[in-house]
Amino acid sequence: MNSQDELKARQAIPAKKRVVVKIGTSSLTYPNGKPNLRFFDSMARQLMDLQNRGYEMVLVSSGAIAMGMPSLGYTTKPKNLPEKQACAAVGQGTLMHLYEKFFHEYGGIVSQILLTKGDALNPKRYLYARGCLDALLALDAIPIVNENDAVTADEIKVGDNDTLSAVVASICEADLLIILSDVNGLYTDNPSANPDAQFISYVGEFSRKYMDMAGGAGTARGTGGMQTKMKAAEICTRSGIDMVIANSSIHDVLFSIMDGEAIGTLFQADNVHPQMKKRQIIIGSAIKGRIYVDKGCRDAIVNNGSSLLPVGILRAEGNFHVGDPVSICYGDQEIARGITHYDAEDVNSIRGCQTDDLSERLGYEKTYDTVVHRNYLLVIR
Ligand SMILES: Nc1ncnc2c1ncn2[C@@H]1O[C@H](COP(=O)(O)OP(=O)(O)O)[C@@H](O)[C@H]1O
Ligand SMILES: N[C@@H](CCC(=O)OP(=O)(O)O)C(=O)O
């Protein structure tokens, strides 16, 4: 370890709970484009064992385009979009088939989530993605996330899975993101081009200078190289999430990282108040309406960190819809902001209502017991 700060940060890793692991194409495939089955097996074994130990594991996996290429007769990545999409459409199935097979061996359940940029930017879709990830983790299924390459083009794509993994880590409020690649971590310069490049094991405070050290992809199979990994580091550290970049070829690399060993480059998260993670979503969007609550509800939210339940609601104002940011008010005071699970019209029809009566009052099967869940609620006063 290089410093006391690094030692402290590494020692804190075993106590983390929710961990996102990102695997790049360069690790999943051999240079000839065929799948590295030994690596698939090793990942399934490590992820399942960590889940058995009590960690909540999310996998962000690249590889759809590369997996689809051989079946469609490509030896190099096609340049035009529809052909790339066709490879992804074929390869995503192959990828999931392989994961299913290997995870099954270790008693795991896998699930597929395909996202696009819109899912991270649109509060409603963000909410649905978060809800699904939470549900899968609570049910001990491993979410395997990729970009929905088959139906997206550049303008609606995150574009690379390093950034996508940081977005996923932020959506599910992970404690740690591990990016596995074909390189040991961050060097002062691209080590495949500059033999004098120095390895950096710990970044205590992320800044632009690390962006400037990063170069592009090492192989034709990779996307973005170290540049996109630094973009991911920026998103993570600002969102209060630690990040490690490590070499996927190290034996039992995930176990070593989770045991706090000095493997790869560790980017220490900024000291972000937990509420700040929500603040980015909630404060960043324009408020679409107001929900007025009674004193009991106000006290539960402000003093006990409770969710907003229909029973404490007096009325809703404004024309807001599911997923919109709303202001929660007691009298003329704004006490909190949050993302609503119900439209304004529905909130008015269920105000004062007990949880058991919600479906009857709504006239349809209730989607949530809460109008604003505490995970999406930021207390202001
Ligand atoms: N400063 C740097 N430090 C480490 N690797 C770098 C740096 N700049 C560029 N790279 C390149 O980034 C590559 C890893 O990214 P990439 O090829 O996209 O792989 P993956 O498919 O795992 O995401 C390394 O193999 C290396 O060639
Ligand atoms: N979504 C694409 C991968 C994009 C990407 O960032 O690739 P990589 O640099 O290998 O992590 C796919 O599944 O082929």
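So, how was this worked out
Residues numbered from 1 in each chain as written. Chains lettered and ligands numbered in written order. Predicted model: local features only at pLDDT ≥ 70, side-chain atom pairs only at ≥ 80, totals over all residues. UniProt positions renumbered as here; feature names shortened; annotations may be inferred. Helix = DSSP H or I, 4+ residues; strand = E, 2+ residues; numbered from the N terminus. Buried ≥ 20, exposed ≤ 12 C-beta atoms within 10 Å, placed from the backbone. Contact = placed C-beta atoms within 7 Å. Domains from an automatic or database assignment. Core = buried A, V, L, I, M, F, W, Y, C linked by C-beta atoms within 7 Å. Near = placed C-beta within 6 Å. Nonpolar A, V, L, I, M, F, W, Y, C, P; charged D, E, K, R; others polar.

Brief notes about the UniProt feature "binding site: ATP" (unreviewed entry) in the chain
On the UniProt side, "binding site: ATP" (unreviewed entry) is annotated at positions that read Lys22, Ser181, Asp182, Thr223, Gly224, Gly225, Met226, Gln227, Thr228 and Lys229 here. For Ser181, the position within the fold is in strand S5 (residues 176-181). Among the structural elements, Thr223 can be located in the loop between helix H9 (208-213) and helix H10 (225-238). Note on Thr223: 18 C-beta atoms within 10 Å, which makes it partly exposed. Contact partners of Thr223, with chain neighbours within four places excluded, come to Asp160 and Ala217.

A few points about the domain arrangement of the chain
A common way to express how large an interface is: the accessible area buried when the components associate. When its domains are assigned, the chain resolves into domain 1 (4-272) and domain 2 (281-379). Distance from the C-alpha centre of domain 1 to the C-alpha centre of domain 2: 35 Å.

Here we look at the nonpolar core
Judged by nonpolar contacts, the single largest core of 98 residues is most densely connected at Leu177 and Ile178. Each of domain 1 (4-272) and domain 2 (281-379) accounts for three or more of the residues forming this core. Beyond its immediate sequence surroundings of up to four residues, Ile178 is in contact with Val19, Val21, Val244, Ala246, Leu254 and Ile257.

A short note on the site of ligand 2
In the vicinity of ligand 2 lie 17 residues, with Thr25, Ser62, Ala64, Ile65 and Thr223 positioned nearest. Looking at the shell around ligand 2, the elements that each hand over two or more residues are helix H2 (25-28), helix H4 (64-71) and strand S4 (141-147). When residues in the shell around ligand 2 are grouped by element, the largest group, three residues, is from H4. Class assignment for the residues of the shell around ligand 2 results in four nonpolar, ten polar and three charged.

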